[in-house]
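Topology and contacts: notes
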Amino acid sequence: MVDASLRREKLELTRRNFLSLIGWSVLQVSGVAFGLMGLRYFWANTSAAPPTKFTIGRAADAANFSETVPYVDVAQRTAVWRRGNTLIAIWLKCQHLGCTVKIVPTGYNCPCHGSKYDQNGNVYAGPAPRGLRWLGIAVTPAGNLQVDKGEQYAPLTPAAYYHIT
Ligand code: FES
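To start, this report covers the structure provided alongside it. Every value quoted in this text rests on a predicted model; they were computed, and no experiment measured them.

Each value, and the rule that gives it
Residues numbered from 1 in each chain as written. Predicted model: local features only at pLDDT ≥ 70, side-chain atom pairs only at ≥ 80, totals over all residues. Helix = DSSP H or I, 4+ residues; strand = E, 2+ residues; numbered from the N terminus. Buried ≥ 20, exposed ≤ 12 C-beta atoms within 10 Å, placed from the backbone. Pairing = 2+ DSSP bridges.

1. Remarks on unusual backbone geometry
Residue R77 is not a glycine yet carries a positive backbone phi of 50°. Topologically, R77 is positioned in the loop between strand 2 (71-73) and strand 3 (78-83). Not every positive phi belongs to a glycine, and L156 is a case in point at roughly 70°. Mapped onto the elements of the fold, L156 is located in the loop between strand 10 (144-153) and strand 11 (162-163). Its 13 C-beta neighbours within 10 Å are what place L156 among the partly exposed residues.

This is how it looks when you write it as C-alpha cells:
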C-alpha cells in the first residue's frame, strides 16, 4: 500500500517537471528566435535603388508641356517645365539636406530649413550651398522623353535644355 504523502510528492514532482519543461521550451524558442535575428545581420540592409531614368511622355507631345504649370513626377521629385521651345527638368531635392522643395510663385521653397530658390532653381536664401539640379532630358529610340537623374547640371546650363523639334 502506497503512502498518501508519497503520492502527493509524486504529484508535486510531476507538476515541477511540467513547469520545468515549459520553462525550458520557452528558453529554447527564445534562443532560436534570437539566433535567427542574429543571422539577419549577414544580409545587407539595403533596398533596390529607384531607377535613375524615367519617362515623362512622348517626344511628339513635348510642345504640350505647360510654361506656367509644371508636369510633376511626385515619385521622382522632378518638375518639368516648357520654356519656349525647350523643356527643362528640375530635381525638387533641396541641395542642403535633401528635403523635397515646394513649388511657389517665386520659385521653390524648402520646408525643412528655409532655403529659397528662384524660378530657375538658383539659391538666394537659406543654408543650401548651391542651386537645384537640372536633369538631362533625351529621346529614347522608342520616341519617349526620358529624364536622367544621373545627368545633373547647375541651373541654366545650356546642355540641360531639351530642344523641341
Ligand atoms: S533641407 Fe532644405 S534647407 Fe535644409
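2. A few points about the sheet that holds strand 6 (residues 107-109)
Ordered by their spatial adjacency, four strands build an open sheet running 5-6-7-8, and the pairing between neighbours is antiparallel. The open sheet is flanked by strand 5 (102-104) and strand 8 (123-125), the only strands paired with a single partner. Taken together, the two bridges between strand 6 and strand 7 (residues 116-117) define a ladder with antiparallel strand orientation. Paired with N109 across the two strands is K116, which belongs to strand 7.

3. Focus: the pairing of strand 10
Both strand 1 (residues 53-58) and strand 10 contribute to a ladder of five bridges, which runs antiparallel. Opposite T55, over in strand 10, you have Q146 as the bridge partner. Both strand 9 (residues 134-139) and strand 10 contribute to a ladder of six bridges, which runs antiparallel. The residue bridging W134 from the neighbouring strand is Y153, located in strand 10. From the end of strand 9 to the start of strand 10, which pair antiparallel, there are four residues, and G143 there has a positive phi angle of about 90°.

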